[in-house]
Amino acid sequence: MENYLSVLNPEQRQAVLHWGNPLLILAGAGSGKTRVITTKIAYLVQERGVDPRSILAVTFTNKAAREMAERAQVIDGRAADAMIRTFHSFGAWFLRRNGSLLGLDSNFVIYDDDDTVILLASLMPEKPRSEAAKAAHLIARAKDYFLSPEDPELDLIDHRPQFRKLYSQYEAKLRSIGNVDFGDLIKKPVEILRTFPEVKKRFQERFQVILVDEYQDSNVAQFELLKELFTPETYLCVVGDDDQSIYRFRGAEVRNILEFPERFAGTDIIRLERNYRSTAPILAVAGTVVDNNRGRLGKKLQAERGDGKPPTLVFLPDQETEASFCAELIQKSMQKQGGSYVDWAILYRTNAQSLTFETEFLRRHIPYKVVGSLKFYEREEVKDALALLSFMVNPRDEIAFKRVVNKPSRGLGEASVEKILQESARGTALQRGNLVAASQSVLPELSKKAQAGLKTFLSLLEQGTKLLNPEQPRPLANILSSNRLSAGDGLSVLIVYLIEASGLAEYHATEDEIAGTQRLSNLQELANAASLYPATAEGLAEFLEHIELDRSMESGEDSSDAVTLITVHNTKGLEFRKVIITGLEQGVFPRADKEDEDLEEERRLFYVGVTRAMDELYLTTCAMRRMYGRTNMNQPSRFLLEVPLESVKTLGTVPRTFVQRQPLGVASAARSASIAGNRDRVSCTSSDGRWQLGSALFHDDYGYGQVVGISEGPEGPLIEARFETGKQVRFLSKYQSERFMRIDRDGL
DNA sequence: CCCGTCGTTATTTTT
DNA sequence: TAACGACGGG
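Comments concerning the overall build of chain A
Link 1 in the chain: Helices and strands together make up the secondary structure of chain A, namely 30 helices and 24 strands.
Link 2 in the chain: Looking at chain A as a whole, 53% of its 748 residues qualify as buried.
Link 3 in the chain: A separation of at least 24 residues holds for 74% of the contacts in chain A among residues at least 6 apart in sequence.
Link 4 in the chain: Surface exposure of chain A reaches about 33,200 Å², of which carbon and sulfur atoms provide 49%.

Shown next as structure tokens:
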């Protein structure tokens, strides 16, 4: 025991050893949070004699869940029996066992956001699809907030009565199909726990210990779930960082963590404030900026690594220059100091911003990888294959049926499909909703062409089902050995069979000469992923659930040396030696129209970005940016105004407005006051009032330039100026009128 | 049923 | 700007 506890610092150890009252661990970025939580699990099992089966640890990402399970098991193998899952995977597990109490079949398929939109679109056929997408978003939010169609508070999501009605219709439709959406995976378990006290008791007794990771990202429904599982005897421990709450737009409720102590009486709070990742000046930037948020529990990160290279603030004219600046910075740094491309990450607020960097990096042959834009499971061909599989699991799945029944074209028009749907709604109670049964009974009424097509489709499914039965010999070996795709073990046989026999392989291969290859390889990849599952009905259901709940698609840890291009959101939990946060402009980051709570969230996002950096941090801002085909002149991000200038270096042309606006914020006002009596430090205005950072000047030999640094020396203010020629000089302020002429020209 | 053209519309996205 | 969906002609 000593050995694994001895690697912890005092606060970490305190957090691990804590027992009894509810515990809130405020874990700052890079403070060893995962180590604490995994050690705690192992400690509970090993030292407190807690039965691992009575431990429930929930996370938000599968990656985090996997990591937690692995690391806890390394310390104590018995941790393997603890239930370590994502919130949603826990909900799915719960619903498969108890969903029947709400009339839910245990073979439900989980609809993703896309399916949800399609379903809603079918409920509002006269409205454009964008309307359905909006409604889907609102319904998802409603579920995040644990609101049902009849809840009065639903008005807070959308007050229009037609929304309430639509939500209600949507729920009815989902129920009749027998599937659930993501929100249901949390909301329905809560409903079951509330309605059935004996079930609640069972689960309360089972889970003596509940741990929650990234608690700042939890939503109201998840909080309700915790409340239902919690009893005064439960040991509840949540870990999170209120400053890193960045998913409000998805229903995450910061108040869950801010108000945790009030919600759970007697809560103890432990702060992990020692940061092992970043140097002091980087943390100074992060801390000073996030300090401008009002709603926070307060935390001060301590840099265990000590001092380091000051972060650099870079003012650039436009996004192309921004891209080439980044490229050059990386290339020069590697020439000078070595290192590799993987040390570098370029962060931006929106995915669209990656394009300029990609173009520039391609041109210069700088290897890069774009994180998060691929979306494997949203590809058309992948969704098609999954629809076939889903329909086999749940023949009531109307969305899946409509997607593939006539794809590729089998001569089944809209009218024929509509007939089948009508019939399924009518059918006998036993068969109601079953589209296979409805298809069979409607078959004689269809046109010759439609009949033939439908028969083909039905026999495809029938053959597929045979493949799931181990008793049956594997049919149609000829199709499996076709040359396009290759079947491996287990379930991949079924997938390859379905894709080939349905004609989808051919369809996607020939759809587009160039894209066809890619599409086929995506389908192959899907099949490969399935080879780990047995070719049985259970294996199929398991595979589908796994895919719905874990879309990360860890494609073999790209080991190639490349710069990472990534949105700030996607960097959470990651770290890089050198980070460039780009596009720091008003209207871009923070995005326009953000105020109050939304602005605070953008600031937290900035905080997350900054705290990813271990050694070097660069913040770039452009005076001009093309967006949506428009060229905009932007002001530097207000977050840059909040950056402590004394701990950063400045490059490029500082816009006058930037300097003038500097003292506006409360925090920065306090800062300049503290700087005033402090010699040898960079400040915004020289003590004689002659120069400001960004002031324009002219010199007979050097031409036009700008003040980039001001310091106070024994002979008065010392001014540092940079000229258009690239020349940088220092001079004493008292020489102003002689050779360095102050001129009235905008810094741009 | 396929293809071209026009008009619309743009965050962030663990599950 | 660019990408995608809707629509209409061949």
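Some details on the pairing of strand β15 (residues 576–581)
Link 1 in the chain: Extensive coverage of β15 is indicated by the burial of five of its six residues.
Link 2 in the chain: As judged from the four bridges shared by strand β12 (residues 344–348) and β15, these two strands associate in the parallel manner. The partner of L347 across the bridge, within β15, is I581.
Link 3 in the chain: Relative to strand β16 (residues 613–622), β15 runs parallel, the two sharing five bridges. By the bridge assignment for β16, F576 is matched with A613.
Link 4 in the chain: In this fold, β15 hands off to helix α27 (residues 596–610), which returns the chain to β16; that crossover is right-handed.

Thoughts on the protein's contact with DNA strand B
Link 1 in the chain: In the vicinity of DNA strand B, 23 residues are found, and the nearest of them are R250, R349, S409, T567 and R591.
Link 2 in the chain: Backbone atoms, meaning sugar and phosphate, form 51% of the atoms of DNA strand B found within 4 Å of the protein.
Link 3 in the chain: In the environment of DNA strand B, a phosphate oxygen lies 2.7 Å from a nitrogen or oxygen atom belonging to the backbone of N351.
Link 4 in the chain: In this structure, a base oxygen belonging to DNA strand B sits 3.1 Å away from a side-chain N or O atom of R591.
Link 5 in the chain: By residue class, the composition of the surface near DNA strand B is six nonpolar, ten polar and seven charged.

Considerations on the environment of V442
Link 1 in the chain: By secondary structure assignment, the location of V442 is in helix α20 (residues 435–442).
Link 2 in the chain: Exposure remark for V442: the relative accessible area of 2% places this residue in the buried category.
Link 3 in the chain: Linking V442 and Q422, residues 20 residues apart in sequence, is a C-alpha distance of 9.6 Å.
Link 4 in the chain: In contact with V442, not counting residues within four places along its chain, are K419, I420 and E423.

Regarding the confidence of the model for chain A
Link 1 in the chain: A residue-level look at chain A finds 87% of positions with pLDDT of 70 or above and a mean pLDDT of 85.
Link 2 in the chain: Predicted confidence is poor over residues 663–683, with pLDDT under 50, and the contacts of this stretch with residues over four places away or in other chains come to 26 contacts.

Notes on the pattern of salt bridges
Link 1 in the chain: Overall, the coordinates contain 54 salt bridges when judged by the stated rule.
Link 2 in the chain: With a shortest N-O distance of 2.9 Å, R164 and D155 are connected by a salt bridge.
Link 3 in the chain: Judged by its relative accessible area of 40%, D155 falls in the partly exposed class.
Link 4 in the chain: We note a salt bridge from R604 to E601, for which the minimum N-O separation is 3.1 Å. On the criterion of helical spacing, the pair formed by R604 and E601 is a turn pair, its members being three residues apart in helix α27.

Some points on the pairing of strand β18 (residues 630–633)
Link 1 in the chain: Strand direction decides the pairing type here: strand β17 (residues 624–627) and β18, joined by four bridges, are antiparallel. Within β18, the position partnered with R626 by the bridge is T631.
Link 2 in the chain: Between β17 and β18, which pair antiparallel one after the other, the connecting turn spans two residues, and Y628 there sits at a positive phi close to 50°.

Regarding empty space enclosed by the protein
Summary: where empty space remains is shown by rolling a probe the size of a single water molecule over the atoms.
Link 1 in the chain: The final tally for this structure, using the stated rule, is four cavities of 30 Å³ or more.
Link 2 in the chain: Around the largest cavity, the lining is made up of 17 residues, and of these D115, K383, L386, A387 and S390 lie nearest the centre.
Link 3 in the chain: Mapped by element, the contributors of at least two residues to the lining of the largest cavity are β4 (110–111), α17 (380–393), α18 (398–404) and α26 (537–549).
Link 4 in the chain: With four residues, the top contributor of residues to the lining of the largest cavity is α17.
Link 5 in the chain: When its residues are assigned to classes, the lining of the largest cavity shows nine nonpolar, one polar and seven charged.
Link 6 in the chain: A volume near 60 Å³ is recorded for the second largest cavity.
Link 7 in the chain: Counting residues per element, the lining of the second largest cavity draws most heavily on α26, at four residues.

Let's talk about the packing of helix α21 (residues 448–467) against helix α23 (residues 492–501)
Link 1 in the chain: Their axes nearest at 10 Å, the elements α21 and α23 cross at an angle of 165°. With respect to α23, the element α21 is oriented roughly antiparallel. Handedness of the crossing formed by α21 with α23: right-handed. Across the interface between the two elements, L460, Q463, G464 and L467 from α21 touch V493, L494, Y497, L498 and A501 from α23.

Considering the sheet that holds β15
Link 1 in the chain: Taken together, the seven strands give an open sheet; going across it, the order is β13-β14-β12-β15-β16-β11-β19, and neighbouring strands pair in parallel fashion. Two strands bound the open sheet, and with one partner strand each, they are β13 (368–370) and β19 (649–652). Within this sheet the neighbouring strands show an average axis-to-axis angle of 20°, counted without direction.
Link 2 in the chain: Sheet strands touched by helix α16 (residues 354–364): β12, β13 and β14 (563–567). Its angle to β14, the strand with the most contacts, is close to 170°.

Observations regarding the side chain of S502
Link 1 in the chain: Within the secondary structure, S502 is located in the loop between α23 and α24 (504–511).
Link 2 in the chain: Residue classification places S502 among the buried residues on the basis of a relative accessible area of 5%.
Link 3 in the chain: Those residues within four positions of S502 in sequence are excluded, and the remaining contacts are L388, P408, R410, L460 and Y497.

Some points on the nonpolar core
Link 1 in the chain: L389, F457, L494, L526, L540 and F543 are the most contacted members of the largest nonpolar core, which has 54 residues in total.
Link 2 in the chain: Per-element tally for this core: the top contributor is α17, with nine residues.
Link 3 in the chain: For L494, the residues in contact, after removing those within four places along its chain, are L389, M392, G464, L467, L468 and L540.
Link 4 in the chain: Grouped together as the second largest cluster of nonpolar side chains are 41 residues, L56, V190, Y215 and V254 included.

A closer look at the environment of V254
Link 1 in the chain: Relative to the assigned elements, V254 resides in the loop between β7 (235–240) and α12 (255–258).
Link 2 in the chain: Expressed as a C-alpha distance, the spacing of V254 and E205, which sit 49 residues apart in the sequence, is 29 Å.
Link 3 in the chain: Leaving out residues up to four positions away in the same chain, V254 has contacts with Q216, D242, S245 and R604.

Quick notes on the layout of surface pockets
Link 1 in the chain: Estimates place the volume of the second largest pocket at around 890 Å³.
Link 2 in the chain: Together, 34 residues line the second largest pocket, and E538, A541, E542, E545 and H546 are the ones closest to its centre.
Link 3 in the chain: Secondary-structure elements contributing two or more residues to the lining of the second largest pocket are α4 (62–75), β3 (83–86), α5 (87–98), α17, α20, α21 and α26.
Link 4 in the chain: Top contributing element to the lining of the second largest pocket by residue count: α26, with eight residues.
Link 5 in the chain: Of the residues assigned to the lining of the second largest pocket, the class counts are 18 nonpolar, eight polar and eight charged.

Reading the values: rules and limits
Residues numbered from 1 in each chain as written. Chains lettered and ligands numbered in written order. Predicted model: local features only at pLDDT ≥ 70, side-chain atom pairs only at ≥ 80, totals over all residues. Heavy atoms only, no water. Helix = DSSP H or I, 4+ residues; strand = E, 2+ residues; numbered from the N terminus. Buried < 20%, exposed > 50% of the residue type's maximum accessible area, 1.4 Å probe, protein only. Contact = heavy atoms within 4.5 Å. Areas by Shrake-Rupley, 256 points an atom, 1.4 Å probe, with all protein chains shown as cover. Pairing = 2+ DSSP bridges. Right-handed = clockwise from strand over helix to strand, strands pointing away. Near = heavy atom within 4 Å. Polar contact = N/O pair within 3.5 Å; in protein donor to acceptor, adjacent residues only side chain to side chain. Nonpolar A, V, L, I, M, F, W, Y, C, P; charged D, E, K, R; others polar. pLDDT = per-residue confidence, 0-100. Salt bridge = Lys/Arg side-chain N within 4 Å of Asp/Glu carboxyl O. 1 Å grid on protein atoms, 1.4 Å probe; cavity = no way out; pocket = protein on both sides within 12 Å on 5 of 7 lines; lining within 4 Å. Points joined across faces, edges and corners; volume = space filled by probe spheres on them. Axes fitted to C-alpha atoms, helices over the stretch in contact; angles between N-to-C directions. Parallel < 35°, antiparallel > 145°, perpendicular 65-115°, else oblique. Left-handed = near helix turned anticlockwise from the far one by under 90°. Core = buried A, V, L, I, M, F, W, Y, C linked by side-chain atoms within 4.5 Å.

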